[in-house]
Amino acid sequence: MTKYAYRYNPSKFMHVKSNDVQNWMSLYNIINYNVTFIDRTGTVQVPIRTSMPVCLELPKYDSNFNLSYEDCCQIKVRELVKSQDNLDVPIRLLYSGGIDSSTILVSFIKELGLAEAEKRVQLVMSVESIEENPWMWERVLRRSNFQIINSEIHDSDWGKDRILVGGEFNDQLMGSDIYKDVVNWGSDKILDTPWTQQLIISYLLPKVGPYHAEMWFYLMERIIKKSPRPVVTVAEWWQWINFTCKWSSVYFRLIACSRDNKNIDDEYLDRYYCQFFGDNNFQQWSMNNNTDKIKGTWHSYKWICKKLVADFCGQEYMYKVKRGSLWRLLSNKRHAEIIDNNYNFITTVDPEEWYEPNNSFAKF
Amino acid sequence: MDYSNEGVLYFNDSGDGQLIALQLKTGLIDSEIRLAYSSTPGYDKLDRSKLYDSTYHLQIISKKNGTIVDLPENSHNPSYLYRKNLVKYRAPLIEQLVNTIRFQARTCSPDPWIGFENNMQYVISECDPDKEIWHNSILEYSHINDIEPKYAYREIKLQIDNISSFKMRVYSFFKKFMFDINNVTDEQSAIQVRKNMNDKFFRDSWV
């Protein structure tokens, strides 16, 4: 039976000498080298046989969608509480203290009240979580009755005794971590600038050289054209690319460092693993909304989330800068190099075994 | 030092020098560690970078209180030369590895005193949260920080659990990479090990 990769480590393929693979590999001069690039629009095929679970497919665009971001948060909390009542296990929130997990925690407390939230939700956190959001810690958590679990052990923690909730996908809904680099290259004003071929290629040029800059512009523009709404600005360009092409990567990156993974399959993930911001409501919100994500400056990125958290634990939070807080959960771990469509966690990879000749890079 | 001819294989006068030398020794049969003092005759000949040079040879003469001299040419035996060559590839990797784990271990425990988590571990072990029995230090912490003892216990336990788990993981990778380094025999394998270390300690956690 043919195997497909749900998640792969690109560095395992970088020494494959063929032209199409090397063309594809130039991507990792633009984005982090450990990103599993799988295009949900189906436009760009990498030279690896890839697939994705149904739950990660791009939803059909609903132009009538009109829920606010806050509505989506509260609806999601209610869904999780209902799941919890059915399964009769605690909700275990991966609380890094970052913007995303803070938003989730605030949503739970707003919906349930602190006392009820303390009973239903456990917090997987570390000392860094305290540093990341000291206001939440000092004003809410430090004197609360939340059960606190050491985040350092979660990689072995894939049982059926709780629902694990994480804050992935919010970056894909809102924008892209590439914004920071774009701003460093151009200026804060560049995010709100209408994208042009010249602008995008100019950004890519120092990273990949002229040939691959043109190639990537060509490929990305074809993905951009699949957006149901016009993509106008540089920020919207990179948000759509992130939303469509990094979705699988973020879903699986924590799963990839699980040590005890025998439980993991579609059914398990559907019941016991929830990346909060990944459901249809949030994706529709993102596809329908370009005003609530960023206000033209890097500092305003995820302003709507910061506002939700700041309203709850103090206005100082509005000055919080986005920085990756996930690295601690991923650092010094042994990752599966490939997770295939049967949830085999593969640590030794033969690149030839996964090669896909019908790919988008062969013609360049 | 090479046991066969007392030839100096490696020199390091940093705080981690002994640790690095010990790790090097684990992968080099018939090597020993010797101490040299700044008052030792010939001490100024010791130079870590120069010792990587295949033409620079020193000897530490135990019978002359560790005096350091040029290694006579007739003592340049093949096994000594082979070990010297291995040190050239392995020592920089071990230096990088030791520096990395020191840095990583320190970042996860920002307390004023290195190893303070051991003190905290003792305090925690003397508590029984189910019976609300608290060590005096927990009561002190609780009082000074204006939180209840059960929250003080939780807070300190989180800290030491984090430190302990993280350090153990870092140590696990330390052992793994020491095994890899001790199998390095040439430049190519050294490059590969360095790449693997960089990937595991840094790049794999880029998000």
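Since this is a predicted model, take the numbers as computed values, not measurements.

**Q** Lay out the overall build of chain B with the relevant residues and their values.
**A** Summing up its helical and strand segments, chain B has seven helices and two strands in all. Element order for chain B, N to C, with α for helix and β for strand: α-α-β-β-α-α-α-α-α. Radius of gyration (C-alpha) of chain B: 23 Å, far over the 17 Å computed for a compact globule of 207 residues. When the 207 residues of chain B are sorted by exposure, 44% land in the buried category. Taking as baseline every contact in chain B between residues at least 6 positions apart, the subset at least 24 positions apart corresponds to 67%. Roughly 11,500 Å² of accessible area belongs to chain B as shown, and the carbon and sulfur atoms make up 52% of that amount. Here chain B carries 25 positive and 28 negative side-chain charges, and the mean point of each set is 5 Å from the other.

**Q** Provide a residue-level description of the interface of chain B and chain A, including the pertinent values.
**A** Counting from both sides, the interface comprises 30 residues of chain B and, opposite them, 36 residues of chain A. In total, chain B and chain A occlude about 2,800 Å² of area from one another, counting both sides; carbon and sulfur atoms represent 47% of this. Seen at the junction of chain B and chain A, the total is one salt bridge. The interface formed by chain B and chain A includes 15 residue pairs in polar contact (both at pLDDT 80 or more). Where the side of chain B that touches chain A is concerned, the elements lending two or more residues are α3 (78-107), α5 (136-145), α6 (149-181) and α7 (187-201) of chain B. Broken down by element, the side of chain B that touches chain A gets its largest block of residues, 13 residues, from α6 of chain B. Partitioned by chemical class, the residues of the side of chain B that touches chain A number 12 nonpolar, seven polar and 11 charged.

**Q** So what's going on with the packing of aromatic side chains? Residues and values would help.
**A** Note on aromatic pairs: each is described by the distance of the centres and the angle between the planes. Under the criterion given, the structure shown has 38 aromatic pairs over all chains. Cluster of aromatic residues (ring-pair linked, three or more members): Tyr6, Trp158, Phe169, Trp240, Phe243, Trp247, Tyr251, Phe252, Tyr273 and Tyr343 of chain A. The ring of Trp303 of chain A is capped by Lys295 of chain A, whose NZ or CZ atom sits 3.8 Å from the centre of that ring. Sitting above the plane of the Phe177 of chain B ring, Lys176 of chain B keeps its charged end 5.3 Å from the centroid.

**Q** So what's going on with the sheet that holds strand β7 (residues 338-340) of chain A? Residues and values would help.
**A** Residues and elements named next belong to chain A. In spatial order, the strands read β1-β7-β8; together these three strands make up an open sheet with antiparallel pairing. Each of the sheet's edge strands pairs with one partner strand only, and the pair in question is β1 (5-8) and β8 (345-346). Of the strand pairs in this sheet, β1 and β7 are connected by three bridges, and their pairing is antiparallel. By the bridge assignment, Tyr8 is partnered in β7 with Ile338.

**Q** Describe in detail the environment of Ser54 of chain B, supporting the description with residues and values.
**A** Residues and elements named next belong to chain B. Mapping Ser54 onto the fold places it in the loop between α2 (48-51) and β1 (58-61). What makes Ser54 exposed here is its relative accessible area of 57%. Spatially, the C-alpha atoms of Ser54 and Asn85 are 7.4 Å apart, while their sequence positions differ by 31 residues.

**Q** Give a description of the packing of α3 of chain B against α6 of chain B that names residues and reports values.
**A** Residues and elements named next belong to chain B. Contact geometry of α3 with α6 gives a least axis separation of 10 Å together with a crossing angle of 175 degrees. Relative to α6, the element α3 is oriented roughly antiparallel. Residue-level inspection shows Arg90, Leu93, Ile94, Leu97, Val98, Ile101, Gln104 and Ala105 of α3 in contact with α6, the latter providing Phe166, Lys167, Val170, Phe174, Phe177, Met178 and Ile181. Per-class residue counts for the contact of α3 with α6 are 12 nonpolar, one polar and two charged.

**Q** I'd like a description of the sheet that holds strand β6 (residues 273-275) of chain A, backed by residues and values.
**A** Residues and elements named next belong to chain A. Ordered by their spatial adjacency, five strands build an open sheet running β4-β3-β2-β5-β6, and the pairing between neighbours is parallel. In this open sheet, the two strands that pair with only one neighbour each are β4 (147-150) and β6. This sheet shows a mean twist of 25 degrees between the axes of neighbouring strands, independent of strand direction. Where strand β2 (residues 91-94) and strand β5 (residues 163-166) come together, three bridges link them in parallel fashion. By the bridge assignment, Arg92 is partnered in β5 with Leu164. Docked against the sheet, helix α2 (residues 69-87) engages β2, β5 and β6, running at close to 165 degrees with respect to β5.

Criteria and thresholds
- Residues numbered from 1 in each chain as written.
- Chains lettered and ligands numbered in written order.
- Predicted model: local features only at pLDDT ≥ 70, side-chain atom pairs only at ≥ 80, totals over all residues.
- Heavy atoms only, no water.
- Helix = DSSP H or I, 4+ residues; strand = E, 2+ residues; numbered from the N terminus.
- Rg over C-alpha atoms; globule rule 2.2 N^0.38 Å.
- Buried < 20%, exposed > 50% of the residue type's maximum accessible area, 1.4 Å probe, protein only.
- Contact = heavy atoms within 4.5 Å.
- Areas by Shrake-Rupley, 256 points an atom, 1.4 Å probe, with all protein chains shown as cover.
- Lys, Arg positive; Asp, Glu negative; His and termini not counted.
- Charge placed at Lys NZ, Arg CZ, Asp CG, Glu CD.
- Buried area = accessible area lost by both parts, 1.4 Å probe.
- Salt bridge = Lys/Arg side-chain N within 4 Å of Asp/Glu carboxyl O.
- Polar contact = N/O pair within 3.5 Å; in protein donor to acceptor, adjacent residues only side chain to side chain.
- Nonpolar A, V, L, I, M, F, W, Y, C, P; charged D, E, K, R; others polar.
- Phe/Tyr/Trp six-rings, centres within 6.5 Å; stacked < 30°, edge-to-face > 60°.
- Lys NZ or Arg CZ within 6 Å of the ring centre and 35° of its normal.
- Pairing = 2+ DSSP bridges.
- Axes fitted to C-alpha atoms, helices over the stretch in contact; angles between N-to-C directions.
- Parallel < 35°, antiparallel > 145°, perpendicular 65-115°, else oblique.

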